[in-house]
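# A look at the structure
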Amino acid sequence: MSVVTASRPAKAAARSASSPSANARAARRGDPALARRLDAAIEGNVLFDAFSRGRYATDASIYQIEPLGVLVPKSEADVRAVLEIAAEEGLPLLPRGGGTSQCGQTVGEALVLDLSKHLTDVVDLDAENRRAVVQPGLTLDRLNRQLKPHGLWFPVDVSTSSRATLGGMTGNNSCGARSLRYGPMRDNVIAVEAFLPDGTPMRFGSVDPAGLAANEPDRQRDLTASLLNLGAREAEEIKARFPDLMRRVGGYNIDALMPPGNSGQEINLAHLLVGSEGTLAYSNRIELKLSPLPRHKVLGVVHFPTFYQAMDNTRHIVALGPTAVELVDRTMIELGLENPLFRDTMVQFLRGEPDALLLVEFAGDDAEDNLRRLKKLGELMGDLGFPDAVVEATEPGFQQAIWEVRKQALNIMMSMKGSGKPISFVEDCAVRLEDLAEYTDRLTQVFEKHGTRGTWYAHASVGCLHVRPVLNMKLDQDVKAMRAIAEEAFEMVRAYKGSHSGEHGDGLVRSEFHEAMFGPRMVRSFEEVKTLVDPDWRMNPGKIVRPPKMDDRSLFRFKPDYEVTPIDTGLDWSDWGGFGGAIEMCNNNGACRKFDAGVMCPSFRVTRDERDLTRGRANTLRLAISGQLGPDALASDEMQETLKLCVSCKGCKRECPTGVDMAKMKIEVLHQRAKTRGVPLRERLVAYLPRYAPKLRRFAGLANLRNRLGLLRRLGEAWLGFAAERPLPEWRSDAYYPAETAVGPEDGIPVVLFADTFNRHFEPENARAAVKVLTAAGYRVHLPRAASQPNRPLCCGRTFLSAGLVEEARAEARRTLETLLPLVRQGLPVVGLEPSCLLTLRDEFLSLLPGEEARALADKALLLEEFLAREVEAGRFAPKLKPLGKSALLHGHCHQKAFGAVKPVERILGLIPGLEVATVKSSCCGMAGSFGYQAETLEASRAMGELALLPAMRAAPPDAILVADGTSCRHQIADGAGRQARHVALILEEALDA
């Protein structure tokens, strides 16, 4: 076989003098002249301000490096323009997808290109030949949704599939849970249409060394020849040094350059880019190999009394031919049970108190064969001494719920409160299955030697277990322990002939260990590849080749001088060790970037901007409280802009696996701003609504003139900022002010009705309906009044919180608590109608008035549907209801979703004979209190509604019953869909069989 020869390039040390020094690069950080040049050249966004740069300074690793600036290209032409300008300016570039890298691949002192907003297309789909060409910013979940109707999928199913981009997966050589069957990314990438660092296009794909095209440009032909020459020259060294494991993703895949006779497969230059972490070229379009979707799946959850036994028996399970064998250890089990998002699922498949679980999946087109193999799994476990160890999951929904727990494993672990967190640095080692039990046992002893412990999970089937020792990266002693553990762990991996990098790549964490793992000659080859493809070493410098030390604290998120500035907070943050501790819970995992389900994060779903994301906001807050954005950053206009589109939906409170509660954080930030800058008139009008409502209700007709007179609407927008296009809620002259303090049978079961400001003054029929439903069922409804100002109703303080007026909210909370506590002490439940108000008693009251009394009230506070569902369960609520229609369409309020209170509505509606209830899979409706009425956020409000809710409501049959318990939701549906949704209390009242 002939090999095209080319002269060997000079050593990497002789890099081009045009590459600027570190000091020169730092001088270009935020450079306005550079920003203007880029802005003139591209259609996309140019973000060079300090707040934007800070948001892109971190990923899901321990590192933080401020970029020179951020570009959000709108087109491939934009990318090429940026590459050309960067080449002329001699500046480094860093392509970035979801920014979820765990090893620091997507942070650096460079121009960062965020590809996740616009470059998200499936360029070409050839279903017949099972191929697709995609842009690098497309996420895996979005691709698979488009492939599903064709019976296809892209099977590199990483746990971060909702936000992992195909470009990032290519750069990382991602693997996923089912790599046992489908292999890593390298095995599923056919070709890459790339831009070289200077913007020159080049196709990286299959190559015939004997027939390099004579018509190829000299640069491409010479580059290809040089790469092939390197592969031929180093073939024996590669075979001797590279571990014989599928899960080897460290360094460059230069084994792809070996002659076919040596590698046993064709030469494909795309495989060199796979796993290169953006350090060689820019992947503009990626051609993927697709696979048929398995028609049937079954899952066995295997319980083991010890972790060692789980590891020791994995090899026997793999012999059954599963598609996946995934580990869940005891720590993750315990943390998952504490998380309300996963608890219900976990109790369904857990038996006893296992020390470890293995999730074993069988998939294929033959359903009966899958079931036979599942049965064999049970028999195998019995033969191995573990009878009845397998919980079978054959129903697809149940399987999916179990897999979701596993997919969120890292984030579940990161939900640990406190400064110590499971840290990624040895989490990616891979060994042979026969060594797995001994390796994990020895590594556990290493952790114990250094005074810590590790949490284990992931890919038992291929010997790649993710383990993270718990360390505090703010402490020098723990940083030293990290290095010591890394050195001992990697030495152990070498002894087992394993790989120190099995899935998550090299980045800043593992690149410095390549010489120890592969030898100096191999590292020189890596440097040669870098020089050949990127002669000026400008593509994502510092990764794979010539890296800094992994424990260089100047590169850490928590640098040696990191310190949170003490502030006098309005809310209690003691559960997190302070406001800073709560903010630092964000580990940048990016779960808030999902689009597929749940609520989080509605503003990001509309804008797709990092600023409008839970993660982006948390990073900005962390930088602000630690002084990295300058003095008074917390109360600044830039911070106000960062939080502007946060609708306080509390989606993150439930769905962020680490429990970041941005709604609560926004209250604190608004409180800090209010202390120094005051509160604008519009916000004060909304905040004080519960105080003046009792008086203004007497002038309802006058107050409603604003909605009827165009001039008043326009003046209201000009003077106050209320959108003229949006009608405000109508004041009612028949507001709910009952004369009695208790109604219903005197011997009835007592219950307290907490009538909120909105249902009392704008939709009083809801409060009256709730009373009628309860009293008709035999309950005694108490309607308490405060001892002070008895004519002013009780208030949750929600409107004050939304303006940052925490002390006013605390006064309302104290007044409400003092009034309700005697009834709560008697065991009476407190039932409310408006989710955002009632659930304030369960949530913010605990931060406003921490202590046993607020907890007692929180434990008794229930939405009407929660109370009724509980009473149905107890056999105390069994009303005679008449049919109303065939179907109901339900929209859950965000706070209902955050507190798991949507299913009770479904259950109560299900009591109505013949009524089929469907729930809209929607995020926030977009109204969100006053958010949808503000002129500056009107369009964002409408866009949120159009994501799912409003189209669903318009498409509902004309005779469908539309249900929404949130007053804001009902107004958004009325304004945006022209349909009338009603509170569940009204539906039940109508269904009462009088």
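Placed above this text is the structure.
Two elements in contact, helix α18 (residues 436-449) and helix α19 (residues 476-495), have axes whose closest approach is 10 Å; the angle formed by their N-to-C orientations is 160°. Taken together, α18 and α19 sit at an angle that is classed as roughly antiparallel. Between α18 and α19 the crossing geometry is right-handed. The residues of α19 that touch α18, namely those facing Tyr439, Arg442, Leu443, Val446, Phe447 and Lys449, are Ile485, Glu488, Ala489, Met492 and Val493.

Given a rise of 1.5 Å per residue, 13 residues ought to cover 18 Å, and the 18 Å separating the end C-alpha atoms of helix α35 (residues 764-776) matches this to within 8%. Those residues of α35 lying buried are Pro764, Asn766, Ala767, Ala769, Ala770, Val771, Val773 and Leu774. A positive backbone phi angle near 95° is found at Gly778, which sits one or two residues after α35.

Now for the pattern of salt bridges. Between side chains of opposite charge, pairing is possible as soon as their charged atoms come close. Enumeration over the complete set of coordinates arrives at 78 salt bridges. Glu234 serves as the salt-bridge partner of Arg521, at 2.8 Å between the closest nitrogen and oxygen. Of this pair, Arg521 sits in helix α22 (residues 520-533) while Glu234 sits in the loop between α8 (218-233) and α9 (235-241), placing them 287 residues apart in sequence. Owing to a relative accessible area of 44%, Arg521 belongs among the partly exposed residues under this scheme. Salt-bridge contacts for Arg708 lead to Glu730; the nearest nitrogen and oxygen are separated by 3.1 Å. Separated by 22 residues along the polypeptide, Arg708 in helix α32 (residues 705-708) and Glu730 in the loop between α33 (710-719) and β21 (742-743) bring together distant segments of the chain. You can call Glu730 partly exposed: its relative accessible area is 28%. Several salt bridges share partner residues, and in doing so they unite Lys650, Lys653, Asp661, Arg798, Asp843 and Glu844 into one network.

Moving on: the sheet that holds strand β2 (residues 69-72). One open sheet accounts for 4 strands, arranged β1-β2-β4-β3; its pairing is mixed. With one partner strand each, in any of the chains shown, β1 (45-47) and β3 (93-96) form the two edges of the open sheet. Within the sheet, the average angular offset between the axes of one strand and its neighbour, ignoring direction, is 20°. Of the strands in this sheet, β1, β2 and β4 (111-114) are in contact with helix α2 (residues 32-41), which crosses β1 at around 170°.

What follows concerns the nonpolar core. A general feature of soluble globular proteins is that nonpolar side chains tend to end up buried together. Membership of the largest hydrophobic core comes to 115 residues, with the highest contact counts inside it found for Phe154, Ile254, Leu288, Met311, Leu358, Phe425 and Met482. Of the residues forming this core, the biggest block, 9 residues, is contributed by α19. Discounting residues that sit within four places of it in the chain, Met482 has contacts with Ile62, Ile423, Phe425, Leu471, Met473, Met550, Asp551 and Phe556. Membership of the second largest hydrophobic core comes to 76 residues, among which are Val679, Val806, Ala813 and Leu839.

Along the polypeptide, Asp141 turns up in helix α5 (residues 140-147). For Asp141, the side chain forms a polar contact with the side chain of Ser161, separated by 2.9 Å. Dropping the residues within four chain positions of it, Asp141 is found in contact with Ser161, Ser162 and Asp596.

The rules behind these values
- Residues numbered from 1 in each chain as written.
- Predicted model: local features only at pLDDT ≥ 70, side-chain atom pairs only at ≥ 80, totals over all residues.
- Heavy atoms only, no water.
- Axes fitted to C-alpha atoms, helices over the stretch in contact; angles between N-to-C directions.
- Helix = DSSP H or I, 4+ residues; strand = E, 2+ residues; numbered from the N terminus.
- Parallel < 35°, antiparallel > 145°, perpendicular 65-115°, else oblique.
- Left-handed = near helix turned anticlockwise from the far one by under 90°.
- Contact = heavy atoms within 4.5 Å.
- Expected span 1.5 Å × (residues − 1).
- Buried < 20%, exposed > 50% of the residue type's maximum accessible area, 1.4 Å probe, protein only.
- Salt bridge = Lys/Arg side-chain N within 4 Å of Asp/Glu carboxyl O.
- Pairing = 2+ DSSP bridges.
- Core = buried A, V, L, I, M, F, W, Y, C linked by side-chain atoms within 4.5 Å.
- Polar contact = N/O pair within 3.5 Å; in protein donor to acceptor, adjacent residues only side chain to side chain.

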